[in-house]
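For reference, the chains in residue letters:
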Amino acid sequence: MHENTEIRRVGINISYPPCIGERPRYVVIPAGKKFFHVTESATGRVKGFRQRHQDACSLARSLEP
């Protein structure tokens, strides 16, 4: 695993669109070259992963209640 993977997976510096009233429950974090983790924003746990950003965003939306 790349040495910076843990740093990149932490969603501290993620910006959210201003139209969203509250923070989304699941966020997409880059985790390497062409690899994205879908993480729970409250705990940081990885709930899934995808190779395409579009697919990862789709998964994050589908996990929202």
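Residues numbered from 1 in each chain as written. Predicted model: local features only at pLDDT ≥ 70, side-chain atom pairs only at ≥ 80, totals over all residues. Heavy atoms only, no water.

A. Region of the structure containing unusual backbone geometry. Notably, K34 is not glycine yet its phi reads approximately 55°, a positive angle. For K34, the position within the fold is in the loop between β1 (26-32) and β2 (35-40). (Helix = DSSP H or I, 4+ residues; strand = E, 2+ residues; numbered from the N terminus.)

B. Focus on the sheet that holds β1. With antiparallel pairing, the three strands of this open sheet are ordered in space as β1-β2-β3. Edge positions in the sheet fall to β1 and β3 (46-50), since each has one partner strand and no second. Strand-to-strand, the axes of this sheet are offset by a mean angle of 30°, without reference to chain direction. The pairing of β1 with β2 spans six bridges and is classified as antiparallel. Looking across to β2, one finds that V28 is bridged to V38. (Pairing = 2+ DSSP bridges. Axes fitted to C-alpha atoms, helices over the stretch in contact; angles between N-to-C directions.)

Honestly, that's just the spatial picture; any functional story needs more than this.
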